[in-house]
Structures are given as structure tokens and as C-alpha cells.
Amino acid sequence: MTGTVPDGAPVVFDLDGTLVRSEHVHRRTWARFFAEWGAEVDDETYRHRFMGRRAADTLREVDGPWRDADPDELAAQLAGHGSALADDVDVVPGAPALLRSLAGRGHRLAVVTSARRGWADRVLGDVLDAAPLVELVVTAEDVVRGKPDPEGYLTACRRLDADPAGCVAFEDSVAGVSSLVAAGMGTIVGVRTTAGDAELTAAGAHRTVPDLTPGRLLGPAA
């Protein structure tokens with residue numbers, strides 16, 4: 001086929017911001033957390049230090065009143081707060097159709113997310129109705145180092161027995177695109193839901209799209 005996704009290429013997706021618009025949910029969850037700790041985090045700091053990353057990694061790196069608490073326990077608490085808001089996420093236009101089209105054409109599909117397993121399972125199953133289509137899900141609990149480290153994507157490629165250079169990957173955040181670049185992914189598509197074209201391209205995206213409408217990405221079926 002012509003288009004962004006070559007015949008037979010494994011396809012790997014980020015979840016939040018890429019398949020679903022959920023940043024407003026995560027922002028509300030973090031806002032509740034900051035309020036509980038009496039911390040003030042402005043939008044610019046949140047965007048560059050918290051967005052698209054594992055909560056435990058960020059809490060280890062960003063100084064705040066939580067510095068003496070266990071970041072893994074705090075991340076679990078955050079995940080619990082966020083799970084209650086899962087029904088408030090919106091599907092990125094075209095996402096379910098693209099997943100179905102790719103699976104129907106024989107592409108192996110994986111998701112690599114900074115979120116925890118419970119959130120990923122709920123969003124893929126209840127929101128996207130796509131759980132049976134996705135062969136592999138790598139979550140925050142499956143890696144030692146989160147995005148922008150490439151560990152999550154390299155783990156997915158290893159489990160798929162796939163060469164990263166032969167894979168296509170979709171991400172919405174600068175941290176995520178940086179992770180893909182470090183992993184050596186062959187084709188990197190930036191989805192312009194949380195970052196603009198210039199940011200995603202500068203981070204290393206080969207092209208950007210406003211959504212996941214299959215017609216933007218796939219040629220005619222063989």
C-alpha cells in the first residue's frame with residue numbers, strides 16, 4: 001500500500017493524547033494532587049516536566065513538598081484518582097477505525113504508555129473497544145525508565161520480535177517522540193493533539209497529522 005504505514009510493518013501507539021484525548025483528565029488529576037500537597041505548578045512547568053511522562057519518574061525529578069514520600073506510592077494514588085475519570089476521555093477522531101483497518105490488513109499492533117495497567121486496560125477496552133486488536137501493551141509498571149527514555153518502545157519491539165527500524169509509531173508529546181527517536185523507530189508520526197507541528201518535528205517526528213483518520217495514513221487496501 002501507499003501511505004505512511006508500509007505493508008506488514010508493526011505499528012506502535014502511545015495511548016493518552018494519541019488514541020484518546022485525555023490530557024484534561026490527567027491535568028485535573030495532577031491539579032488535585034498539587035492542591036493536596038499545597039504546591040503550585042504553572043502550566044508551562046506542567047507541560048514540559050509532567051505531560052506524557054510516568055508520574056513516578058517526574059515526582060523523583062521535580063522538587064516539591066512530596067520529596068520525602070515514596071514516588072511509586074504517590075503514582076499509585078494518582079492512578080486511583082484518574083481511574084474515576086476515565087469515562088471523561090474523548091476518542092481521537094479516526095482512532096478506532098485506524099486500529100480496525102490496520103488489524104484487518106495484518107499489522108501487529110502494540111501500545112506503549114506512561115500510564116499504569118489499570119488505566120490502559122480500561123481505555124483500550126471500554127473507551128476504544130479495541131482491546132482484542134492490540135497484541136501487546138507496555139505500561140509504566142513494565143519498565144524501569146519511562147519516556148523520554150526508549151525502554152518502553154524497545155521492550156515492545158523485543159516482545160514483538162521486530163526491528164525498531166521497520167516499525168511505525170504514533171506519539172503526541174515531545175517526550176514520547178524523543179523516546180521513539182532514541183529507540184530508532186523507522187517512521188515516527190506526531191499527532192497534533194497536545195503539541196504543535198513545530199515542536200513535534202523538532203523532537204524528531206517525520207510527519208505530523210491532526211488526527212488518526214485512516215485516509216490520511218493508509219493507501220487503498222491491497
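On a predicted model such as this, the values are computed, not experimentally measured, just so you know.

Colleague: For this particular structure, what's the right way to read the packing of helix H1 (residues 23-37) against helix H2 (residues 43-50)?
Modeller: Each pair of packed helices can be summarised by the angle the axes make with each other and by the distance between the axes. Packing of H1 against H2 leaves a shortest axis separation of 12 Å and a crossing angle of 110°. The angle between the axes of H1 and H2 places the two elements in the roughly perpendicular class. Judged by the sense of rotation from one axis to the other, the crossing of H1 with H2 is right-handed. Of the residues in H2, those in contact with Glu23, His26, Arg27, Trp30 and Phe34 of H1 are Asp43, Tyr46 and Phe50. Residue classes in the contact of H1 with H2 are distributed as 4 nonpolar, 1 polar and 3 charged.

Colleague: Can you help me understand the packing of aromatic side chains in this one?
Modeller: Between two aromatic rings, the relevant description is the distance of the centres plus the angle of the planes. With the rule as written, the count across this model stands at 10 aromatic pairs. Ring plane angle 10° and centroid distance 4.8 Å describe the contact between phenylalanine 13 and phenylalanine 170, whose orientation is recorded as stacked. Separated by 157 residues along the polypeptide, phenylalanine 13 in strand S1 (residues 11-13) and phenylalanine 170 in strand S6 (residues 168-171) bring together distant segments of the chain. You can call phenylalanine 170 buried: its relative accessible area is 0%. Judged by centre distance (5.3 Å) and plane angle (80°), the rings of phenylalanine 34 and phenylalanine 50 are edge-to-face.

Colleague: What should I look at first to understand H1 in this one?
Modeller: The α-helix winds at 3.6 residues per turn, so residues separated by three or four positions along the chain end up facing the same way. Given a rise of 1.5 Å per residue, 15 residues ought to cover 21 Å, and the 21 Å separating the end C-alpha atoms of H1 matches this to within 8%. Taken residue by residue, H1 has Glu23, Val25, His26, Thr29, Trp30, Phe33 and Phe34 as its buried positions. Downstream of H1 by one or two residues, glycine 38 has phi in the positive range, about 65°.

Colleague: Looking at this model, I keep getting lost on the pattern of salt bridges. Mind explaining?
Modeller: Inspection of every chain in the model, using the stated rule, returns 14 salt bridges. Between arginine 32 and glutamate 36 there is a salt bridge whose closest N-O contact spans 3.4 Å. Pair noted here: arginine 32 and glutamate 36 are both in helix H1, with a separation of 4 residues, about one helical turn. Judged by its relative accessible area of 49%, glutamate 36 is partly exposed. Arginine 117 is paired through a salt bridge with aspartate 142; the nearest N and O atoms lie 2.6 Å apart. One end of the pair, arginine 117, is in helix H6 (residues 117-127); the other, aspartate 142, is in the loop between strand S5 (136-138) and helix H7 (151-160), and 25 residues separate them in sequence. Overall, arginine 117 belongs to the partly exposed group, its relative accessible area being 28%. A residue is classified by how much of its surface remains accessible, and aspartate 142, at 26% relative accessible area, is partly exposed. Where salt bridges share partners, they join Arg54, Asp57, Arg60 and Asp72 into one cluster.

Colleague: For this particular structure, what's the right way to read the pairing of S6?
Modeller: Side-chain direction in a regular strand flips from residue to residue, so the side chains alternate between the two faces of the sheet. With burial as the criterion, each face of S6 is covered, one bearing Val168 and Phe170 and the other bearing Ala169 and Glu171. One ladder, built from 4 bridges, connects S6 with strand S7 (residues 187-191); its direction is parallel. In the sheet register, alanine 169 faces S7, and the bridge partner there is isoleucine 188. A crossover links S6 with its parallel partner S7, the connecting element being helix H8 (residues 174-183), and its sense is right-handed.

Colleague: Honestly, the pairing of S7 in this entry has me stumped. Any pointers?
Modeller: Most of S7 is tucked away: 4 of the 5 residues are buried. By the bridge criterion, 3 bridges tie S7 to strand S8 (residues 207-209) in an arrangement that is parallel. Paired with glycine 190 across the bridge in S8 is threonine 208. Running through helix H9 (residues 197-203), the crossover from S7 to the neighbouring parallel element S8 is right-handed.

Colleague: Explanation requested: the sheet that holds S8 in the structure shown.
Modeller: Pairing between the strands of a sheet comes from backbone hydrogen bonds, and it takes one of two forms, parallel or antiparallel. One open sheet accounts for 6 strands, arranged S5-S4-S1-S6-S7-S8; its pairing is parallel. Two strands close off the open sheet at either side, each with one partner strand: S5 and S8. Sheet twist, expressed as the mean angle between neighbouring strand axes with direction ignored, is 20°. Packed on one face of the sheet, H7 meets S1, strand S4 (109-112), S5 and S6 and runs near 155° to S5.

Parameters at a glance
Residues numbered from 1 in each chain as written. Predicted model: local features only at pLDDT ≥ 70, side-chain atom pairs only at ≥ 80, totals over all residues. Heavy atoms only, no water. Axes fitted to C-alpha atoms, helices over the stretch in contact; angles between N-to-C directions. Helix = DSSP H or I, 4+ residues; strand = E, 2+ residues; numbered from the N terminus. Parallel < 35°, antiparallel > 145°, perpendicular 65-115°, else oblique. Left-handed = near helix turned anticlockwise from the far one by under 90°. Contact = heavy atoms within 4.5 Å. Nonpolar A, V, L, I, M, F, W, Y, C, P; charged D, E, K, R; others polar. Phe/Tyr/Trp six-rings, centres within 6.5 Å; stacked < 30°, edge-to-face > 60°. Buried < 20%, exposed > 50% of the residue type's maximum accessible area, 1.4 Å probe, protein only. Expected span 1.5 Å × (residues − 1). Salt bridge = Lys/Arg side-chain N within 4 Å of Asp/Glu carboxyl O. Pairing = 2+ DSSP bridges. Right-handed = clockwise from strand over helix to strand, strands pointing away.

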